[in-house]
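Close look at the chain arrangement
Each chain, letter by letter, is given below.
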Amino acid sequence: MTSERDQLKQILLPEELELLDKLKKQVLDRREFATAVSEVLSDATRTALKRDNSLQKQLSVPIAKGFDQAIESNRDSIVNAFIPIIGSIIRKSITNSIRKLTTDINRAVELGISVKAIKWRVQSLRTGVPFAEIVFNNTIEYDITQLFLIDNETGLLIEYAGQEDALMTDKDALSAMLTAIQDFVKDSVAVGESGLSAAELDDNIMWIISGPKAYLAAMIKGSPGARLNERLTVFTEQIHADYRSVLTDQSLWTHDAALKADLERQLITKTIHDDDDENKKPGNLRLWMWLIIFLILFGTWYWWQNKNHQAQKNLHHKLNSTDGLVIYELQRTSNGYTATGLQDPIADVSSFTQVQFNTQSYYSIDDSIVEKRVREIINLPDIRISVINGKVKLQGQQSTPMSSLQLQRILNLPGVTSVDNQLTTTQDFTDFINRYPLPEGLSMTQEGEDDRIILNGEILQDTIRPWLEQLQLAGFEFTDDAVLYVPPAETLETLINQSFVNMEFTSRFSDSERQKLHQIFSAAVKLNRFHGNYTLIAESHSDCSGSILRSNEYNRSREQALLDFHQENYADGIALETKLHTCTELSPIKDPLEIGMFFMVEKQ
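A brief report on the enclosed structure follows. Here the residue numbers are simple positions, counted from 1 along each chain's written sequence. The predicted origin of the model limits local features to residues at a pLDDT of at least 70 and limits the giving and counting of side-chain atom pairs to 80 or more, whereas totals for whole chains, interfaces and linings rest on all residues. Heavy atoms throughout the structure, all of them, feed into the side-chain values; hydrogens and water do not.

**Notes on the overall build of the protein**
Selection rule: Strands are runs of DSSP state E lasting at least two residues, helices are runs of H or I lasting at least four, and both sets are numbered from the N terminus onward. Whether a residue is buried, partly exposed or exposed follows from its accessible area with a 1.4 Å probe, protein chains only, as a fraction of its type maximum: under 20%, in between, or over 50%, in that order. Contact definition: two residues touch when any of their heavy atoms are within 4.5 Å. Surface accessibility in these figures is a Shrake-Rupley result with a 1.4 Å probe; residues are shielded only by whichever protein chains are displayed.
Secondary structure summary: the protein contains 20 helices and 19 strands in total. Counting all 604 residues of the protein, 30% fall into the buried class. Here the contacts in the protein between residues at least 6 apart in sequence split such that 60% fall between residues at least 24 apart. For the protein, the exposed surface amounts to about 39,500 Å²; the carbon and sulfur share of it is 53%.

Following this line, the structure appears as structure tokens:
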């Protein structure tokens, strides 16, 4: 039954079945379905946007997220793409700001100190309005008679406001003319720029404010300023924000009442307030002259008062910065100043000759004041006294030790928290040597009028350091420039174990090689003398190139040269053990840095 019905369908409905198969394939195949949808997507989107704005709101979220992801993944490309646009905008903004600033400066310079300018400055002080704004309101005169909002692409008029009887021609014809002029300027005169921005038509000035979708053409009589241009620019930006749907829908052009009302509100007339007659009155002139005199006198008095106040403020600060003074009131008198507060009896106020002190006594705990009180107790010029945050430090020499009574008096002073007594008593050097014998390896002499002690010899640093500290504490003058301090064993071992002498000749040493050998052997002798029983080990080394027999003979020659050097110079100072590096096979590479003596030390 089914097959018969299918055959009947094929006979009666062949075209419909073919169409259904084609539509089924188009719907079920993703690629064909996407192709079919793409052909009507733009028309469907445009129709949906005209019918209902909800689609625009629904699309805004994924578009915004996609734009954010594109920025994150292609930040450098997007920045490079926006640089030409942003650069042009910044240049325009800076140019307009400089022009506006130049206009304001020129206007202020031209006004100078005229009567009108003084009146406007007083008005600025009284009302709080900036002087530049008052000058602008009283010197700029203009009248916006007509406004044209024209589409960028088609050149058609979107909306118009103004006095139609003042039109030189039809509105649509004028908009077409302006668009043609704009295109001509862009193509022929100002390539890469925004095009025509201003023009003069008889006694009228036409300003053209560009926008993304449309531009605003303003017909103005008089002398407009940069502020009006800025106002019209902001208004053009506001139109593109508030009337985006109107700008993109040609059917709404010249039929939107709200847009026309906004344009009509921009038809501004600005006139100058004429005050010339009042300024010419004798009474007003005399009033302004007295006002100028009053301002000069008031300014002089204010400057004098401010100068005296600042001088008094500086003096007050200087008084309170003086140790031992706490001044909480400073008054000006006919003879100078009167200071009221607290004063330590030993505070130094000799530099304040113009100040009369009306103070009460107190004990200051400032470090400098505490130091003066300590010096009153220990009145010896050779003793060094320092006080830091209440901690007293005593250094120097005295003939007799400090008594416990003196030390207790210092501790009882206000502000003293501790005493570091580093004072030493002078003594005879013979007594010092009997108490602290001269370390082995040192010798000494006394020279000069002050019997300065000259130390000589060779000794370990750790051995002599405690003795030198006692010598310094005892107050004796000495110098140890002639003392040779022996480094620690680790330092000497490291010096020797990292040594290599490259031999230029096979049976003798050059001068530079002998100098390096003396350094190595001297360090070994110091090790053996001051740090225990050591043996110096030297290995004669060859690069084993050329001939094995000859390389080994050269090694023995170098070994013998080193033994002769040791016998001549350091036989009694350090034992020497030599080794030979025997070549068993030839090396294909000749390396001069491998030819010489390697050294190390070994403790027995």
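**A look at the sheet that holds strand β15 (residues 478–486)**
Note the cut-off: Here the rule is simple: two strands pair whenever DSSP picks up at least two bridges between them. Convention adopted: a line fitted to C-alpha atoms gives each axis, helices being fitted over their contacting stretch, and angles between N-to-C directions are expressed from 0 to 180 degrees.
Read from one edge to the other, the open sheet built from 3 strands follows the order β13-β14-β15, with strand pairing classed as mixed. The open sheet is flanked by β13 (442–447) and β15, the only strands paired with a single partner. The sheet shows a mean angle of 10° between the axes of neighbouring strands, taken without regard to direction. Relative to β15, strand β14 (residues 452–460) runs parallel, the two being bridged by 7 bridges. By the bridge assignment, I454 is partnered in β15 with T479.

**What to know about helix α14 (residues 367–377)**
Filter applied, for reference: Read the arc as the range of directions from the helix axis to the C-beta atoms.
Burial in α14 covers these residues: I369, V370, R373, V374 and I377. On an axial view of α14, the arc spanned by its buried residues comes to 140°, and they lie on one face.

**Re the packing of helix α19 (residues 511–530) against helix α20 (residues 548–569)**
The criterion, for reference: Each angle gets one of four labels, with under 35 degrees taken as roughly parallel, over 145 as roughly antiparallel, 65 to 115 as roughly perpendicular, and the rest as oblique. When the near helix sits turned anticlockwise from the far one by under a right angle, the crossing is termed left-handed; a clockwise turn instead gives a right-handed crossing. Lys, Arg, Asp and Glu make up the charged group, whereas Ala, Val, Leu, Ile, Met, Phe, Trp, Tyr, Cys and Pro make up the nonpolar group; the residues left over, Gly among them, are polar.
One way to put it is that α19 packs onto α20 with a least axis distance of 12 Å and a crossing angle of 60°. Between α19 and α20, the crossing angle belongs to the class labelled oblique. α20 is crossed by α19, and the crossing has right-handed handedness. Facing R514, L517, H518 and F521 of α19, the residues of α20 in contact are L562, F565, H566, E568 and N569. Of the residues contributing to the contact of α19 with α20, the split by class is 4 nonpolar, 3 polar and 2 charged.

**A look at the state of the cysteines**
What we call a disulfide is simply a covalent bond connecting the sulfur atoms of a pair of cysteines. For the record, the criterion: In what follows, a disulfide is any cysteine sulfur pair within 2.5 Å.
Across all of its chains, the model carries 1 disulfide by this definition. Paired by a disulfide, C544 and C583 hold their sulfur atoms 2.0 Å apart. Residues C544 and C583 are joined by a disulfide whose S-S torsion is about -85°; by sign, that bridge is left-handed. Of this pair, C544 sits in the loop between β17 (534–541) and α20 while C583 is found in the loop between β18 (575–580) and β19 (596–603), placing the two residues 39 residues apart along the sequence. The pair formed by C544 and C583 is uniform in burial state, with each residue classed as buried.

**Side note on the nonpolar core**
To keep it simple, the criterion reads: Take the buried residues of types Ala, Val, Leu, Ile, Met, Phe, Trp, Tyr and Cys, join any two whose side-chain atoms come within 4.5 Å, and each joined set is a nonpolar core.
Core analysis: the biggest nonpolar cluster contains 26 residues, and I496, L517, F521, L536, L562 and F599 have the highest contact counts within it. Ranked by the residues each element gives to this core, the list is headed by α19, at 6 residues. Ignoring sequence-local partners within four residues, the contact set of L562 consists of F509, L517, F521, A538, L576, M597 and F599.

**Re unusual backbone geometry**
Most peptide bonds are trans, and most residues other than glycine sit at a negative phi. Positioned with a positive phi, N389 is a non-glycine residue whose angle comes to about 55°. Mapped onto the elements, N389 comes out in the loop between β10 (384–388) and β11 (391–398). Even without glycine at this site, C544 takes up a positive phi of about 55°.

**Section: the packing of aromatic side chains**
So the rule is basically this: We call Phe, Tyr and Trp rings a pair once their centres come within 6.5 Å, taking the six-membered ring for Trp, and we label the pair stacked below 30 degrees between planes, edge-to-face above 60, and tilted otherwise.
What the rule picks out here adds up to 11 aromatic pairs. For the pair F521 and F599, a centre-to-centre distance of 6.3 Å together with 75° between the ring planes defines the contact as edge-to-face. A residue pair is termed long-range when its members are at least 10 positions apart, and F521 in helix α19 and F599 in strand β19 qualify at 78 residues. A single burial state applies to F521 and to F599, both of which are buried. Taken together, the aromatic side chains of F509, F521, F565, Y570 and F599 make up a single cluster linked through ring pairs.

**Overview of a negative patch on the surface**
Where we set the bar: Two distance rules govern patches: like charges are joined within 9 Å, and nonpolar side chains (Val, Leu, Ile, Met, Phe, Trp, Tyr) within 5 Å, applied only to residues with over 30% relative accessible area and no salt bridge. Should a side-chain nitrogen of Lys or Arg be within 4 Å of a carboxyl oxygen of Asp or Glu, the pair is scored as a salt bridge. Here the positive residues are Lys and Arg and the negative ones are Asp and Glu; neither His nor the chain ends is included. Charge coordinates come from a single atom per side chain, which is NZ of Lys, CZ of Arg, CG of Asp or CD of Glu.
Together, E15, E16, E18 and D21 line one region of the surface with negative charge. Inspection of the secondary structure puts D21 in helix α2 (residues 14–28).

**Comments concerning helix α17 (residues 461–473)**
Threshold: By this rule the span expected of a helix is its residue count minus one, scaled by 1.5 Å.
In this model α17 runs 18 Å from its N-terminal to its C-terminal C-alpha over 13 residues, within 8% of the 18 Å that 1.5 Å per residue would give. Among the residues making up α17, those that are buried are I464, W467, L468 and L471.

**Observations regarding the sheet that holds β19**
Ordered in space as β16-β19-β17-β18, the 4 strands form an open sheet in which the pairing is mixed. What marks the edges here is a single partner per strand, and that holds for β16 (500–502) and β18. In this sheet, neighbouring strand axes are inclined to one another by 25° on average, regardless of whether the strands run parallel or antiparallel. Bridge analysis of β17 against β19 gives 8 bridges, and the strand direction is antiparallel. Paired with E539 across the two strands is F598, which belongs to β19. The strands touched by α19 within the sheet are β16, β17, β18 and β19, with β16 carrying the most contacts at an inclination of about 160°.

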